[in-house]
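# Architecture at a glance
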Amino acid sequence: MLRNGRNQAKVVYETLIKQITRQQPRHGMATANTKKKLEKINKSGSELPVPDETLNANYLARTLGSNYRIWSAALEKHPELKTLKRKDFMNSYETLKSLAYSVDDIVTRPMIIYYGASTLSNRHSVLLECGFQQVTIQTLAKYVTVINKPINMLKSHRFIPYDINVVKRLSDCFIWDDQPEQELASTDESITLKALRQNLLNAYLRQRLQMDEADLQKLWRVYSRVRHRSFYSVQAIIELLTNELNFPIERLRKNSFLLHADADNVKRILKEIPFIEKQDIRDIGYKRPKILMSNCDSLKQTLQHVRSFGISEDSVLRCLEVLTLGPDTVLERLKDLNEIDEFQVLGTNPRVLRLVHYQNKARLRLDYLNQLKVRCASLHILSCGSEAFAKFARDGSDRTKGRDIVVYLGNILKKDEQLLRNLLSRHPNWCHIPVLHVKQCLEFLLSKKFEIEDIFRNIHLLLYPIKRIEEKLVLLHSAEALEELQLPASNVHVLSNTEILTLILYLIESEFHFTGDGIWTEQHTHHVENFNNLLPDFPESLNKVYKYGVKPSTEKLSMQEHLL
């Protein structure tokens, strides 16, 4: 109707009159099911977990033992402990307990529990590998100091027995194809434990992963924490990744951060999360190695949060990066989706988790575009790379490719997406309408007792301003309007819902000569033409500091609006 002008509009108009004449009078009313469908739109799902309470002396005395005054003094002296979550605190405590440290030991060095459970366990293993016969709580607390001391000094203070050959002991931790005799022979006990361990680890990685000097330099520059992993842990994770997940040596070199992964944790992931939406976790871990660095319990919690918001695991596969975020971060960002209208409408989109992973960037971009009065900010634009976003902003085209609208309506109307695209594309300006407006218009029509099927038959009406639709709806209730339209009906109640919506669309477009321009509101009529004038300068370098675009200053916007 909109492309072919008046002739096609006349045919539709005459056909509509014939349909009205043949039908019996009835007034279309929406069913209760329609109301339920509306209530389900963007519903968050099940009840959300309550955040952990902060640590306090009463809780520690009651849970761990000792007494209130001791824990109160510890918290006062080390206020950082109060920032720990109870779950993390208890994990660290259980680890120390498994290493045979008592509560009385812990209260002498309370800050030791500030370190994570995996860090404490790893440091204890490193000291045992180095020949420490008894690792006291004081030694473990001073790990960084101890590891930077020469071997002969540690022996003189009886941390390590004199008769232990530390070099050979550490070398024997690895399974060598060819033991590095030169490194072993040239090392004396004046070397620090840290330097010795790094030398031996370099020799092992040269042999096992065929790393050259450039690879090793990059490893220590970028992933320096690897030098603190126990030799057993490094060897175990390499064997697990190469044998269980089929990582080739070259892939391990390119993702050398995996050397810091916990082999036991990865085994738990393989066992407890074998599949995500029928896709093998081994394939997922190979595709996104960083996921293997996440704690197994955290991954399970993240997946539970996603499901609690009604988001399928298929959406997780479309944005695996979300599994690299902490569960608390994911939960907080999922809640934020329902607080921002432009994000909420994308809640049914299978790629919605991109808004969770890139939420900080998406918020800045949305704010930036809103200040420029750009309405069509698609999910892709909000989460794409910096250069693509800069190109969109510079081009000044306030339109999308319609993907978000088609996906949203496909979920709500339960219709094929290609069918919806074919119908909507008959309107010349449909890609200039934001999906949020389509949602608001749909909800408005549902509130007026129009059913989903009636709306689908007049789907282009969702593109039009609600104010104009409401005006025409009121107009159709007047006898004069019906008489002027020469309809064979005494009042609007004789018409079906579909006929009412068709007439509304006809009345709106008749004022614009059936060009499709009825979708524009007064404030958006010349928006695209003025867009480039409003656009502030983007930094040419597109460096990381400005990766999300530059927010225009209030003064600059005010001056530009005044000039316009």
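Residues numbered from 1 in each chain as written. Predicted model: local features only at pLDDT ≥ 70, side-chain atom pairs only at ≥ 80, totals over all residues. Heavy atoms only, no water.

Moving on, we get to the state of the cysteines. Summed over the entire model, instances satisfying the criterion amount to zero disulfides. Among the cysteines around Cys376, which has no disulfide bond, Cys431 carries the closest sulfur, lying 8.5 Å off. Cys376 sits in the buried class, given a relative accessible area of 1%. (Disulfide = S-S within 2.5 Å. Buried < 20%, exposed > 50% of the residue type's maximum accessible area, 1.4 Å probe, protein only.)

Moving on, we come to helix 3 (residues 57–64). Those residues of helix 3 that fall on the buried side of the exposure criterion are Ala57, Tyr59, Leu60, Ala61 and Leu64. Looking at the packing, one finds that the buried side of helix 3 touches helix 4 (68–77), helix 5 (86–98) and helix 6 (103–108). Where helix 3 ends, the next residue or the one after it, Gly65, has phi of about 115°, a positive value. (Helix = DSSP H or I, 4+ residues; strand = E, 2+ residues; numbered from the N terminus. Contact = heavy atoms within 4.5 Å.)

Here we come to the side chain of His357. Its place among the elements puts His357 in helix 23 (residues 353–357). Residues within four places of His357 in sequence aside, it is in contact with Cys319, Glu321, Val322, Thr324, Leu325 and Arg333.

This next bit is on the packing of helix 19 (residues 296–308) against helix 21 (residues 327–337). Where helix 19 meets helix 21, the axes come as close as 8 Å, and the angle between the chain directions of the two elements is 10°. Taken together, the axis directions place helix 19 and helix 21 in an arrangement best described as roughly parallel. Of the two elements, helix 19 crosses helix 21, and the hand of that crossing is right-handed. Mapping the contact onto sequence places Ser298, Gln301, Thr302, His305 and Val306 in helix 19 and Pro327, Asp328, Val330, Leu331 and Leu334 in helix 21. (Axes fitted to C-alpha atoms, helices over the stretch in contact; angles between N-to-C directions. Parallel < 35°, antiparallel > 145°, perpendicular 65-115°, else oblique. Left-handed = near helix turned anticlockwise from the far one by under 90°.)

For the rest of this paragraph, the subject is helix 13 (residues 193–208). Helical geometry: 3.6 residues make up each α-helical turn, so side chains three or four residues apart lie on a common side. Spanning 16 residues, helix 13 covers 22 Å between terminal C-alpha atoms, matching the ideal 22 Å at 1.5 Å per step. Residues of helix 13 that are buried: Leu193, Leu196, Arg197, Gln198, Leu200, Leu201, Asn202, Ala203, Tyr204 and Leu205. With its phi angle positive at about 55°, Gln210 sits one or two positions after the end of helix 13. (Expected span 1.5 Å × (residues − 1).)

Quick look at the packing of aromatic side chains now. This structure, assessed with the given rule, holds ten aromatic pairs. With a centroid separation of 5.5 Å and an interplanar angle of 85°, the aromatic rings of Phe174 and Trp176 are classed as edge-to-face. Here Phe174 matches Trp176 in class, with each residue buried. One aromatic cluster in this structure is built from Phe174, Trp176, Tyr204 and Phe231. The ring of Tyr59 has Arg86 lying over it, and the distance from NZ or CZ to the ring centre is 3.9 Å. Looking at Lys415, its charged tip hangs above the ring of Phe456, at a distance of 4.5 Å from the centre. (Phe/Tyr/Trp six-rings, centres within 6.5 Å; stacked < 30°, edge-to-face > 60°. Lys NZ or Arg CZ within 6 Å of the ring centre and 35° of its normal.)

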